[in-house]
Amino acid sequence: SLNRFKPWMVTLILAVGACERAALDRGAKVLDQVIIDRAKARKIPVASLETMVEQLAAAAAVPLDDQVEMFKATVAFAHRSDDLSETVLQLYLDRRIGAALPFQAHLTRQAGARADATQSFRREMIEKRNRIMAERALPLLAKGGVFVAVGALHLPDADGLVTLFRQAGYTVSAVE
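Worth saying up front: this structure is predicted, and the values here are computed from it rather than measured. (Residues numbered from 1 in each chain as written. Predicted model: local features only at pLDDT ≥ 70, side-chain atom pairs only at ≥ 80, totals over all residues. Heavy atoms only, no water.)

Enquirer: Lay out the overall build of the protein chain with the relevant residues and their values.
Expert: Looking only at helices and strands, the protein chain has nine helices and zero strands in total. In the protein chain, the succession of helices and strands from N to C terminus is α-α-α-α-α-α-α-α-α. The globule rule puts the C-alpha radius of gyration for 176 residues at 16 Å, and the 17 Å found for the protein chain is close to it. Seen along its three principal axes, the alpha-carbon backbone of the protein chain occupies a region of about 50 × 40 × 35 Å. Entry remark: accessible area of the protein chain is about 11,500 Å², with carbon and sulfur atoms responsible for 59%. If you average the places of the 23 positive and of the 20 negative side-chain charges in the protein chain, the two averages end up 4 Å apart. (Helix = DSSP H or I, 4+ residues; strand = E, 2+ residues; numbered from the N terminus. Rg over C-alpha atoms; globule rule 2.2 N^0.38 Å. Areas by Shrake-Rupley, 256 points an atom, 1.4 Å probe, with all protein chains shown as cover. Lys, Arg positive; Asp, Glu negative; His and termini not counted. Charge placed at Lys NZ, Arg CZ, Asp CG, Glu CD.)

This is the structure:
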């Protein structure tokens, strides 16, 4: 049945580790849904910075040959997906989330895939989406009283949301 899917979709399926899959099977919700449910329970309005269709289109925009290269790396490390997820979590907790994409690129090379295969992923899935999310978030931020939740990979670097918000005149600081 996987023959009908693009490589990026199969990569996504394989990247979910056994621990996360077991939690989902037990009825656990993904973090996005937990945040939405908590907001709605408190009657706090929820707005999306992008649609699911836009997210899927971004993944599909990664060139097919790069999707295949990243798929190779995912297959090579599929037996370690829980370990890899934990490593990225620890990078986040150590405030070093900017190291996650270089870590992914290193694993891609270690798996024998093309070294530059992750660049298009970064461009399509991170950089382009950051610009769109910032554009849509800025009017909400201007109203005040807004909590913005995004995936951690959207925060760091010169093209990250932290920088984009600062360039728009906002003060962004870490919350402990």
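On we go from here.
Enquirer: Outline the nonpolar core, supporting the account with residue identities and numerical values.
Expert: With 10 residues, the main nonpolar core is built from Trp-8, Ala-58, Ala-59, Val-62, Met-70, Leu-101, Ala-117, Phe-121, Met-125 and Ile-126. Every element with two or more residues in this core is listed here: helix 4 (52-61) and helix 8 (117-143). Counting eight residues, the second-largest nonpolar core is a separate cluster that includes Leu-49, Met-133, Ala-134 and Leu-141. (Core = buried A, V, L, I, M, F, W, Y, C linked by side-chain atoms within 4.5 Å. Buried < 20%, exposed > 50% of the residue type's maximum accessible area, 1.4 Å probe, protein only.)

Enquirer: Quick rundown of unusual backbone geometry? Include the residues and the values.
Expert: Even without being glycine, Arg-95 reaches a positive phi, approximately 60°. A positive phi angle, close to 80°, is found at Asp-157, a residue other than glycine. Residue position: Asp-157 is located in the loop between helix 8 and helix 9 (161-167). Assessed through its relative accessible area of 38%, Asp-157 is described here as partly exposed.

Enquirer: Would you mind going over a nonpolar patch on the surface in detail, with residue names and values included?
Expert: Among the surface-exposed residues, Leu-31, Ile-35 and Phe-147 lie close enough to one another that they form a single nonpolar patch of about 340 Å² accessible area. Assignment of secondary structure puts Leu-31 in helix 3 (residues 31-41). Leu-31 gets classed as exposed once you look at its relative accessible area, which sits at 59%. (Patch = residues over 30% accessible without salt bridge, like charges linked within 9 Å, V, L, I, M, F, W, Y side chains within 5 Å. Salt bridge = Lys/Arg side-chain N within 4 Å of Asp/Glu carboxyl O.)

Enquirer: Give me the packing of helix 5 (residues 64-76) against helix 8: which residues, what numbers.
Expert: As a packed pair, helix 5 and helix 8 sit with axes 8 Å apart at the nearest point and diverge in direction by 110°. Considering the angle they form, helix 5 stands roughly perpendicular to helix 8. Note that helix 5 runs across helix 8; the crossing there is left-handed. Across the interface between the two elements, Asp-66, Glu-69 and Met-70 from helix 5 touch Ala-117, Thr-118, Ser-120 and Phe-121 from helix 8. (Axes fitted to C-alpha atoms, helices over the stretch in contact; angles between N-to-C directions. Parallel < 35°, antiparallel > 145°, perpendicular 65-115°, else oblique. Left-handed = near helix turned anticlockwise from the far one by under 90°. Contact = heavy atoms within 4.5 Å.)

Enquirer: Got a sec to walk through the pattern of salt bridges? Specific residues and values, please.
Expert: One pass over the structure, following the stated rule, counts 13 salt bridges. Across the pair Arg-136 and Glu-54 runs a salt bridge, and its minimum N-O distance is 2.7 Å. With a gap of 82 residues between them, Arg-136 in helix 8 and Glu-54 in helix 4 connect regions that are remote in the sequence. Residue classification places Glu-54 among the partly exposed residues on the basis of a relative accessible area of 27%. One salt bridge in this structure joins Arg-114 and Asp-65, with 3.9 Å as the shortest N-O distance. With a gap of 49 residues between them, Arg-114 in the loop between helix 7 (100-110) and helix 8 and Asp-65 in helix 5 connect regions that are remote in the sequence. Since its relative accessible area comes to 31%, Arg-114 is described here as partly exposed. A cluster of three or more residues bridged by salt bridges with shared partners is formed by Asp-65, Asp-66, Arg-114 and Asp-116.

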